[in-house]
Amino acid sequence: MSERVKKCVIYCRVSTEKEEQEMSLSRQEEELEQLADELGLTHVETFRDKHSGFDMDREGLLDLLEFVREEKIQTVLIQDETRLGRGNARMAVLHLLAKTETEIYTYSESGPIALNEMDTMLLEILSIVEEYQRKLHNAKIRRGMKRAVREGYRPEKNLKNKGNAEGRERLEVPVSEIVALRDKGLTYEEITGVLKGLGHDVSKATVHRRFKEYEMEQEG
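K.L.:
Explanation requested: the overall build of the protein in the structure shown.
P.N.:
The helix and strand inventory of the protein stands at eight helices and five strands. Across the protein, helices and strands are ordered from the amino to the carboxyl terminus as β-α-β-α-β-α-β-β-α-α-α-α-α. With 220 residues in all, the protein has 36% of them scored as buried. Considering only residue pairs separated by 6 or more positions, the protein has 70% of its internal contacts joining residues 24 or more positions apart. Carbon and sulfur atoms form 49% of the exposed surface of the protein, whose accessible area is close to 13800 Å².

This is the structure:
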């Protein structure tokens, strides 16, 4: 059985739009293409930015993160760690790439990026915080659902066309369910949690707005 080919992308960045910086971008790309060959990686895409490393709002970076996630890219090649970013932006990028289990290789080290103890500790803390945020979010949904059922709400009776393969009805906001849950004393946040648990992609603001629209219609 042949060994699985590892795909990589290249990320190049300079901090200004000056003409001489274009040469630096070209040099970075050339050096990283060479590194990809030396490491036996298949280079599939290159992303470039002319932007400050302190800013996350970089078109090339955002495109890279999306591409890595969707195409399941195993490795990102950079000239050195400052190309990813500086300050908090650097840690944010490291965290996002760690979530997709994407390796980072640098030309300056001809191998995996070397993280110091502080970097490693911060990344571990970010992962722990994110995991607890996810658990808290799920707990809020469960709590809202339990309270709704306890108050007499029966989703299997109220939801129409449940399980429709095309899912069109789920894209609509179920105003009748919002009203029913509101009448049972649930808060807008709890109602939002219940509806999300049932497959409705709605926000708290939307739930509140639709209920107010319903009230205005009733008054009219």
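Right, picking up where we left off after that structure.
K.L.:
Explain the confidence of the model for the protein here, please?
P.N.:
Residues shown with low pLDDT carry predicted positions that ought not to be read at fine detail. Of all residues in the protein, 89% have pLDDT values of 70 or greater, and the mean over the chain is 82. Low pLDDT, under 50, characterises residues 160-171; the stretch is placed with eight contacts to residues that sit more than four places away or in other chains.

K.L.:
Looking at this model, I keep getting lost on the sheet that holds strand β3 (residues 75-78). Mind explaining?
P.N.:
With mixed pairing, five strands are arranged side by side in an open sheet as β2-β1-β3-β4-β5. Only two strands of the sheet have a single neighbouring strand rather than two, namely β2 (42-50) and β5 (111-112). Where strand β1 (residues 7-14) and β3 come together, three bridges link them in parallel fashion. From the neighbouring strand, V9 faces β3, where its bridge partner is V76. Relative to β1, helix α1 (residues 19-39) is tilted by about 160°, and along the sheet it contacts β1, β2, β3 and β4 (103-106).

K.L.:
Even after reading the chapter, I still don't get the pattern of salt bridges, so can you show me in this structure?
P.N.:
Any two side chains of opposite charge can pair if their charged atoms end up close together. According to the stated counting rule, one finds nine salt bridges in the structure shown. R48 is the partner of E22 in a salt bridge, and the nearest nitrogen-oxygen pair spans 2.8 Å. A residue pair is termed long-range when its members are at least 10 positions apart, and E22 in helix α1 and R48 in strand β2 qualify at 26 residues. One salt bridge connects K212 with E215, and the closest N-O pair in it is separated by 3.4 Å. Of this pair, K212 and E215 both sit in helix α8 (residues 204-219), three residues apart, which is roughly one turn of the helix. Since its relative accessible area comes to 36%, K212 is described here as partly exposed.

K.L.:
What exactly am I supposed to notice about the nonpolar core here?
P.N.:
Across soluble globular proteins, you tend to see nonpolar side chains buried next to one another. Counting 18 residues, the largest nonpolar core has Y11, L64, V76, L84 and L97 as the members making the most contacts within it. When contributions to this core are tallied by element, the ones reaching two or more residues are β1, α2 (59-71), β3 and α3 (87-99). Excluding residues that lie within four positions of it along the chain, L84 makes contacts with Y11, R58, I78, V93, L94, L97 and I104.

K.L.:
Sorry, what's going on with α1 here?
P.N.:
Residue pairs spaced three or four apart in an α-helix point in one direction, given the helix's 3.6 residues per turn. The end-to-end C-alpha distance of α1 is 31 Å, a good match for the 30 Å that 21 residues give at a rise of 1.5 Å each. Looking at α1, one finds that the buried residues are S24, L25, Q28, E29, E31, L32, L35 and A36. The inward-facing, buried residues of α1 contact β1, β2, β3 and β4. Just downstream of α1 lies G40, where phi reads positive at about 70°.

Reading guide: rules and limits
- Residues numbered from 1 in each chain as written.
- Predicted model: local features only at pLDDT ≥ 70, side-chain atom pairs only at ≥ 80, totals over all residues.
- Heavy atoms only, no water.
- Helix = DSSP H or I, 4+ residues; strand = E, 2+ residues; numbered from the N terminus.
- Buried < 20%, exposed > 50% of the residue type's maximum accessible area, 1.4 Å probe, protein only.
- Contact = heavy atoms within 4.5 Å.
- Areas by Shrake-Rupley, 256 points an atom, 1.4 Å probe, with all protein chains shown as cover.
- pLDDT = per-residue confidence, 0-100.
- Pairing = 2+ DSSP bridges.
- Axes fitted to C-alpha atoms, helices over the stretch in contact; angles between N-to-C directions.
- Salt bridge = Lys/Arg side-chain N within 4 Å of Asp/Glu carboxyl O.
- Core = buried A, V, L, I, M, F, W, Y, C linked by side-chain atoms within 4.5 Å.
- Expected span 1.5 Å × (residues − 1).

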